[in-house]
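Residue strings, one per chain:
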Amino acid sequence: MPSAAFIPSKFCPPAPTPLAQPLGAIALLRTLRDNPLEAWTQRFFEQPIVTMRLPFGTAAAVSEPAAIRRVLLDNAANYRKDTLQRRIVSAGLAHGLLMAEEEQWRFQRRTLAPLFSRKAVMGFAPVMLQAADAMAARWEAAEEDDTIDVAAEATRLTLDVLRQTIFSDGLGRDTEDFQEAMRCYFDTIGQIDPFDLLDLPDMIPRFTRWKVRPALRFFESAVDDIIARRRRRLAEEPNEVQRDILTLLLEAQDAETGRSLSEAEVKSNIITFIAAGHETTANALAWSLYLLSQSPEWSERVAAEARRELGAGRMREDAADRLIETRAVIEEAIRLYPPLAAISREAIAADELAGETVAAGTTVVIAPYVLHRHRQLWDDPDVFDPTRFLPGAREAIDRYGYLPFGAGPRICIGATFALQEATLVLATVMRRFELRLAPGFAVWPLQRVTLRPRGGLPMRVTPRRGGRGVADRERAARIYL
Ligand code: HEM
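Residues numbered from 1 in each chain as written. Predicted model: local features only at pLDDT ≥ 70, side-chain atom pairs only at ≥ 80, totals over all residues. Heavy atoms only, no water.

### Topic: the overall build of the chain
Thinking step 1. The secondary structure content of the chain amounts to 20 helices and 12 strands.
Thinking step 2. For the chain, the residues scored as buried account for 52% of the 481 residues in total.
Thinking step 3. Only carbon and sulfur atoms are counted for the fraction: they give 54% of the accessible area of the chain, which is about 22,200 Å². (Helix = DSSP H or I, 4+ residues; strand = E, 2+ residues; numbered from the N terminus. Buried < 20%, exposed > 50% of the residue type's maximum accessible area, 1.4 Å probe, protein only. Areas by Shrake-Rupley, 256 points an atom, 1.4 Å probe, with all protein chains shown as cover.)

### Overview of the pairing of strand S9 (residues 433-437)
Thinking step 1. By the alternation rule, side chains of S9 split into Phe-433, Leu-435 and Leu-437, which are all buried, and Glu-434 and Arg-436, of which none is buried.
Thinking step 2. Bridge count between S9 and strand S12 (residues 458-463): five bridges; the pairing is antiparallel. Residue pairing across strands places Leu-435 opposite Val-461, the latter belonging to S12. (Pairing = 2+ DSSP bridges.)

### Considerations on the packing of helix H15 (residues 296-310) against helix H17 (residues 324-336)
Thinking step 1. Look at H15 against H17: their axes get within 8 Å of each other, and the N-to-C directions meet at 140°. Considering the angle they form, H15 stands oblique to H17. Seen from H15, the contacting residues are Trp-298, Arg-301, Val-302 and Glu-305; seen from H17, they are Ile-324, Glu-325, Thr-326 and Val-329. (Axes fitted to C-alpha atoms, helices over the stretch in contact; angles between N-to-C directions. Parallel < 35°, antiparallel > 145°, perpendicular 65-115°, else oblique. Contact = heavy atoms within 4.5 Å.)

### What to know about the environment of Pro-404
Thinking step 1. The residue Pro-404 is located in the loop between helix H18 (368-371) and helix H19 (415-432) in this model.
Thinking step 2. With relative accessibility at 14%, the residue Pro-404 sits in the buried group.
Thinking step 3. For the pair Pro-404 and Ala-342, spaced 62 residues apart in sequence, the C-alpha separation works out to 9.4 Å.
Thinking step 4. With residues up to four places along the chain from it excluded, the contact list for Pro-404 reads Ile-334 and His-372.

### A few points about the nonpolar core
Soluble globular proteins tend to bury their nonpolar side chains together.
Thinking step 1. Formed by 111 residues in total, the largest nonpolar core has its most connected members in Trp-40 and Ile-270.
Thinking step 2. Looking at which element gives the most residues to this core, the answer is helix H14 (residues 263-293), with 14 residues.
Thinking step 3. Other than its neighbours up to four places away in sequence, Trp-40 contacts Pro-18, Leu-19, Phe-45, Ala-61, Val-365, Ala-367, Tyr-369 and Val-370.
Thinking step 4. Core analysis: the next-biggest nonpolar cluster, separate from the first, contains 17 residues, Ala-60, Val-364, Leu-371 and Ala-407 among them. (Core = buried A, V, L, I, M, F, W, Y, C linked by side-chain atoms within 4.5 Å.)

### What about the sheet that holds strand S2 (residues 57-62)?
Thinking step 1. Overall, mixed pairing links the five strands, which are arranged S1-S2-S8-S5-S3 in an open sheet. One side of each edge strand has no neighbouring strand; the edge strands of this open sheet are strand S1 (49-54) and strand S3 (79-80).
Thinking step 2. As paired strands, S2 and strand S8 (residues 363-366) are joined by three bridges and run parallel to one another. Counted as the bridge partner of Ala-61 is Val-365 from S8.
Thinking step 3. Sheet strands in contact with helix H3 (residues 65-74) are S2, S3, strand S5 (343-347) and S8, and its direction is about 120° off that of S8.

### Describing the coordination of the iron atom of the ligand
Thinking step 1. A lone protein donor contacts the iron atom of the ligand, and this donor is Cys-412 (SG), found at 2.3 Å.
Thinking step 2. For Cys-412, the position within the fold is in the loop between H18 and H19. (Donors = N, O, S within 2.8 Å, 3.2 Å for Na, K, Ca; no water.)

### What to know about the site of the ligand
Thinking step 1. What surrounds the ligand is a group of 26 residues, the closest being Trp-105, Arg-109, Arg-345, Arg-410 and Cys-412.
Thinking step 2. Interatomic distance of 2.8 Å between a side-chain N/O atom of Trp-105 and an oxygen atom of the ligand.
Thinking step 3. One of the side-chain nitrogen or oxygen atoms of Arg-410 is found 2.8 Å away from an oxygen atom of the ligand.
Thinking step 4. Elements with a contribution of two residues or more to the shell around the ligand: helix H5 (102-112), H14, S5 and H19. (Near = heavy atom within 4 Å. Polar contact = N/O pair within 3.5 Å; in protein donor to acceptor, adjacent residues only side chain to side chain.)

### Some thoughts on the sheet that holds S12
Thinking step 1. Across the sheet, which stays open at both edges, the three strands sit in the order S4-S12-S9 with antiparallel pairing between neighbours. Of all strands in the sheet, those bounded by a partner on one side alone are strand S4 (148-149) and S9.

### Let's talk about a negative patch on the surface
Thinking step 1. Where like charges cluster on the molecular surface, the negative patch consists of Glu-143, Glu-144, Asp-145 and Asp-146.
Thinking step 2. With respect to the helices and strands, Asp-145 occurs in the loop between helix H7 (125-140) and S4. (Patch = residues over 30% accessible without salt bridge, like charges linked within 9 Å, V, L, I, M, F, W, Y side chains within 5 Å. Salt bridge = Lys/Arg side-chain N within 4 Å of Asp/Glu carboxyl O. Lys, Arg positive; Asp, Glu negative; His and termini not counted. Charge placed at Lys NZ, Arg CZ, Asp CG, Glu CD.)

### Let's talk about the pattern of salt bridges
Thinking step 1. Applying the stated criterion to the full structure yields 35 salt bridges.
Thinking step 2. Here Glu-434 and Arg-464 are joined by a salt bridge, their closest N and O atoms 3.9 Å apart. Taken together, the positions of Glu-434 in strand S9 and Arg-464 in the loop between S12 and helix H20 (470-480) put the pair 30 residues apart, joining distant regions of the chain.
Thinking step 3. A relative accessible area of 44% places Glu-434 in the partly exposed class.
Thinking step 4. Take Arg-464: its relative accessible area is 12%, and that puts it in the buried class.
Thinking step 5. If you follow the salt bridges from partner to partner, you end up with Glu-103, Arg-106, Arg-110, Asp-254 and Glu-256 in one network.

### Quick notes on the packing of aromatic side chains
Thinking step 1. By the definition in use, this model includes 11 aromatic pairs.
Thinking step 2. When the ring of Phe-116 is compared with that of Phe-273, the centres are 5.0 Å apart and the planes differ by 80°; the resulting orientation is edge-to-face. Of this pair, Phe-116 sits in the loop between H5 and helix H6 (118-122) while Phe-273 sits in helix H14; the two residues are 157 residues apart in sequence, bridging distant segments of the chain. As far as burial versus exposure is concerned, Phe-116 and Phe-273 are alike and both buried.
Thinking step 3. Above the ring of Trp-378, the side-chain terminus of Arg-335 is found at 5.1 Å from the ring centroid.
Thinking step 4. In this structure, Arg-399 packs its charged tip against the face of Tyr-400, placed 5.5 Å from the ring centre. (Phe/Tyr/Trp six-rings, centres within 6.5 Å; stacked < 30°, edge-to-face > 60°. Lys NZ or Arg CZ within 6 Å of the ring centre and 35° of its normal.)

### Some words on the side chain of Arg-410
Thinking step 1. Note on placement: Arg-410 falls in the loop between H18 and H19.
Thinking step 2. Within the structure, Arg-410 has its side chain in polar contact with the backbone oxygen of Leu-97 (distance 2.8 Å).
Thinking step 3. In this view, Arg-410 contacts Lys-81, Leu-97, Leu-98, Met-99, Ala-100, Glu-101, Trp-105, Arg-109 and Arg-345; residues no more than four positions away in its chain are not counted.

In structure tokens form, the structure reads like this:
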């Protein structure tokens with residue numbers, strides 16, 4: 001029998017304790033503004049459905065897998081994206097897949113699906129590994145006592161990967177200016193303006209967006225120029241042009257109708273992919289890095305797996321699929337800290353969910369954050385335990401009880417892309433570094449548009465002995481490029 005010293009202790013990473021009683025109206029509004037994660041009461045984590053009368057209407061939070069399946073799949077036609085979501089997103093996203101509805105959405109989903117197929121995504125693995133190596137090189141150059149904000153680094157990396165997978169032949173203008181405008185654009189479109197909550201018409205300007213208008217215009221016009229230049233190249237030298245997401249978007253044709261995407265749809269989808277894909281994936285990575293910094297056991301398991309699978313001469317096209325323990329850590333990280341903590345829909349007609357009648361017009365909230373810690377669905381829901389996602393255990397998880405990427409027809413189109421990127425990057429980092437949280441820093445989850453660590457994640461990163469593998473991996477990457 002192992003002695004008690006060898007039994008790993010259970011680690012409950014930081015999260016708000018669910019409230020025993022609901023907050024009063026003013027405190028609720030304040031908490032929804034500051035950090036909605038702190039407003040959930042115990043009932044939500046125990047009951048299949050909880051109905052709430054809020055200052056801005058009725059909402060029902062649903063956490064029963066069968067009822068969620070009904071909303072997202074079986075009766076999905078009765079549930080549309082709600083008006084608040086529409087108001088928050090900028091005009092730039094309006095014609096893209098994320099916000100399209102009905103026939104417009106069906107056409108785009110059919111046409112865009114091949115861009116994110118397994119095969120297409122595997123083709124992006126070298127870019128993801130190069131971005132991981134570039135980040136590792138920056139970290140190696142840091143002084144021993146330097147503190148690195150790994151959350152900010154993860155965001156920089158995911159933007160880098162999207163920039164290179166979408167516009168692989170460069171931007172045609174200063175990269176720094178473009179990156180800055182892009183950062184500003186995506187920071188701004190994520191903000192909820194009080195006027196949005198009050199449902200004021202779009203013609204009334206949102207002051208939170210005024211000061212950044214020049215950056216927004218710069219970014220949108222840069223995207224216009226990039227598209228125009230690529231169209232010219234496709235016409236003049238079609239065989240020389242990179243097969244990146246932009247080319248795939250411009251060439252995409254609906255298999256049913258032969259229709260291509262309009263100019264506005266191409267542009268809106270580029271902006272959509274960056275908006276929906278960068279902060280979400282960055283947070284998945286940041287939370288994984290934090291959890292590993294707290295778990296010597298899993299930190300070593302992931303590093304050992306990376307040495308086996310990413311070592312010299314062993315690089316294979318399906319590397320991300322073979323990093324099974326690394327992926328289990330990421331899946332556990334996005335169970336505990338789902339980057340999209342809640343998704344919502346508006347019921348068009350009345351329906352019955354989990355034994356209760358939901359009136360027409362009700363906002364139905366499906367909160368992965370609550371669902372993933374629900375007392376009825378998980379053992380030790382607040383404990384970090386990646387073994388839940390290892391083969392043999394994973395099959396027992398209800399399909400509609402674990403929804404980091406949503407489900408049904410509107411499931412995240414970028415899920416394979418995001419998981420592959422997070423897996424390759426996490427393995428690269430853990431193979432080469434040991435991570436320690438900066439002394440005295442208290443980690444706390446903050447829900448903005450995505451669920452991120454409040455104040456970032458300052459860490460000390462120490463290169464592992466024998467962890468350098470860039471040169472051999474670059475050699476190996478060329479083998480399958
Ligand atoms: C860990 C990273 C990610 C997470 C957790 C995530 C999560 C989600 C979720 C929950 C939805 C469904 C929203 C709903 O039903 O209301 C969604 C939709 C979507 N995601 Fe992701 N996402 C991630 C990465 C990405 C990436 C990398 C891309 C693209 C490059 C992307 C593009 C999209 C798009 C376009 C949609 C809308 C799909 C549709 O309505 O047909 N996401 N995502």
